[in-house]
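Architecture and fold: a report
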Amino acid sequence: MQRRTITSAMALGAAIALTLSGCSGGSGFSDNSKGSADSGELTNDSSRSLSVMIGSSGDSETKAVQEAVAAWSQESGVKAEVIAASDLNQQLSQGFAASTPPDVFYLSTDSLAGFAENGSVLAYGDRLSNKDDFYPSLVSNFTYDGDFYCAPKDFSTLALFINNEQWAAAGLTDQDYPTTWDELETVATKLTGNGHTGLSFGAEYQRLGAFMAQAGGTLLTDDQTKAVADSEENVAALTEVKELLASGNTAYAADLGAGWGGEAFGTGKAAMVIEGNWLTGTLSSDYPDLEYTVVELPAGPGGKGTLQFSNCWGIATDSPSQQQSLDLVEYLTATDQQLGFSKAFGVMPSVESAADAWTSANPDKEAFLKGADYAKSVPTLHGSSAVIEDFNAQIEGLSGKDPKEILSTVQSNFEAIVK
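Residues numbered from 1 in each chain as written. Predicted model: local features only at pLDDT ≥ 70, side-chain atom pairs only at ≥ 80, totals over all residues. Heavy atoms only, no water.

The name an unreviewed UniProt entry gives the chain is ABC transporter substrate-binding protein, with Actinobaculum massiliense ACS-171-V-Col2 as the organism. Quoted verbatim from the Sequence similarities (unreviewed entry) field of the UniProt record, the comment on the chain reads "Belongs to the bacterial solute-binding protein 1 family." (UniProt positions renumbered as here; feature names shortened; annotations may be inferred.)

This part covers the overall build of the chain. Regarding its fold elements, the chain presents 17 helices and 14 strands. Relative to its length of 419 residues, the chain is compact, with a C-alpha radius of gyration of 21 Å against a globular reference of 22 Å. Taking the principal axes of its C-alpha atoms as reference, the chain extends roughly 65 × 50 × 35 Å. Looking at the chain as a whole, 54% of its 419 residues are labelled buried. Here the contacts in the chain between residues at least 6 apart in sequence split such that 77% fall between residues at least 24 apart. Distance from the positive charge centre (22 side chains) to the negative charge centre (55 side chains) of the chain: 3 Å. (Helix = DSSP H or I, 4+ residues; strand = E, 2+ residues; numbered from the N terminus. Rg over C-alpha atoms; globule rule 2.2 N^0.38 Å. Buried < 20%, exposed > 50% of the residue type's maximum accessible area, 1.4 Å probe, protein only. Contact = heavy atoms within 4.5 Å. Lys, Arg positive; Asp, Glu negative; His and termini not counted. Charge placed at Lys NZ, Arg CZ, Asp CG, Glu CD.)

Across the sheet, which stays open at both edges, the five strands sit in the order β2-β1-β3-β13-β6 with mixed pairing between neighbours. The sheet is open, and its two borders are formed by β2 (80-84) and β6 (151-152), each paired with just one other strand. Pairing of β6 with strand β13 (residues 311-315) involves two bridges; the strand directions are antiparallel. Across the sheet, the residue bridging to Ala-151 is Trp-313, located in β13. (Pairing = 2+ DSSP bridges.)

Moving on, we come to the nonpolar core. Within the largest apolar cluster, 65 residues are counted, with the highest numbers of intra-cluster contacts made by Leu-160, Leu-199, Tyr-205, Phe-211, Met-272, Phe-391 and Phe-414. In contact with Tyr-205, not counting residues within four places along its chain, are Met-212, Leu-219, Leu-307, Ser-377, Val-378, Pro-379, Ile-388, Phe-391, Asn-392 and Ile-395. Counting 50 residues, the second-largest nonpolar core is a separate cluster that includes Val-65, Leu-92, Phe-115 and Val-329. (Core = buried A, V, L, I, M, F, W, Y, C linked by side-chain atoms within 4.5 Å.)

Turning next to the state of the cysteines. Applying the stated criterion to the full structure yields one disulfide. With its sulfur 2.0 Å from that of its partner, Cys-150 forms a disulfide with Cys-312. Classification of the bridge connecting Cys-150 and Cys-312 rests on its S-S torsion, roughly -80°, and on that basis the disulfide is left-handed. With Cys-150 in the loop between β5 (147-148) and β6 and Cys-312 in strand β13, this residue pair connects regions lying 162 residues apart in the sequence. Overall, the relative accessible area of 2% leaves Cys-150 in the buried class. Looking at Cys-312, the relative accessible area reads 0%, which means it is buried. (Disulfide = S-S within 2.5 Å.)

This part takes up helix α9 (residues 232-247). Taking 1.5 Å as the rise per residue, α9 with 16 residues should run 22 Å; its terminal C-alpha atoms sit 22 Å apart, in good agreement. For α9, the complete set of buried residues consists of Asn-234, Val-235, Ala-237, Leu-238, Glu-240, Val-241, Leu-244 and Leu-245. At its buried positions, α9 is contacted by α7 (181-191), β8 (197-201), α8 (205-214), β9 (250-252), α16 (384-395) and α17 (403-415). One or two steps after α9, the chain reaches Gly-248, where phi turns positive at roughly 85°. (Expected span 1.5 Å × (residues − 1).)

Written as structure tokens, this is what we have:
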């Protein structure tokens with residue numbers, strides 16, 4: 001479905017307002033619009049059941065969270081229910097609007113600013129007993145206006161998944177793993193045929209942004225004070241993707257009849273896919289017989305590049321059970337529990353204390369951890385999610401559009417929200 005392009009500050013502001021409408025501030029700390037938990041007591045009702053809302057990557061993740069929450073409930077004596085949202089942001093917004101939000105929920109970096117700005121989420125980070133164990137870059141991702149809001153639940157980077165059987169059938173060996181854009185084009189061509197395409201990924205910035213990083217580009221400067229979306233580097237990146245699509249050897253996952261890149265890869269419709277380490281859990285549970293290899297994404301003219309993703313465990317300001325929610329979050333982010341999540345659905349633990357154990361247990365996933373050294377984060381500036389949503393709508397039609405025109409619109413939209 002084609003969505004209308006936002007082209008002015010006024011229109012963008014209206015879009016952001018609509019996106020966040022109904023997410024009105026909570027009543028837990030009525031004297032603090034940002035929902036800070038720095039002072040005062042947390043609400044402490046242990047008689048009710050906690051609601052935990054997640055945006056799951058698949059059955060393996062849902063099951064792992066359900067089992068962990070159930071274990072905490074048995075240990076704590078506090079009931080809790082896990083809800084796998086079909087549209088997390090929409091359902092969160094509706095819950096905040098009705099003053100019935102979930103107590104605990106996944107919260108993305110690009111959604112934090114909006115919900116923090118209007119007081120919907122509790123800034124509890126400094127209360128965490130394990131707050132010094134989180135990677136500093138992740139703490140920074142979930143810090144807004146000087147407050148550490150929420151515990152990073154894990155993190156992921158993008159890498160290149162390769163179907164071993166299709167790779168060998170094309171006459172390729174481990175010496176052919178692509179390290180440059182040219183090499184990626186070459187192997188995609190050789191892999192296309194017999195009912196599958198060479199390369200696939202989702203039609204969204206959250207995947208194509210890796211090409212932008214490889215070209216040396218980004219959407220905002222590191223301090224998020226200047227928009228640089230229309231840079232020559234980003235134009236080169238989208239031009240590369242457009243040429244890949246035009247070659248017939250690369251296709252968006254949706255154009256292969258798949259809901260996402262992981263499905264395209266798991267069903268054999270794509271020999272290679274650009275995805276995050278959450279896919280390993282899906283492959284283990286849904287496609288256990290598929291043999292694959294994961295390598296770092298090839299470098300572009302700007303060097304190596306990938307994207308880094310993380311969610312945190314948000315706690316609602318309106319929750320009557322903030323203390324119980326905090327206890328649950330500490331349980332879910334403990335070292336052993338995060339290693340369990342990693343085994344179940346492939347994510348990397350957000351705490352440094354788990355690094356050695358994770359590396360020893362996952363030598364075949366080394367590419368993801370290597371990517372953390374040069375990964376770019378998705379913008380977290382207030383209003384970024386609305387800009388990226390519009391960007392994604394344009395990316396869907398990239399094959400028939402001018403990359404410069406697309407990025408010019410993105411540039412204007414980011415300029416409208418940069419302070």
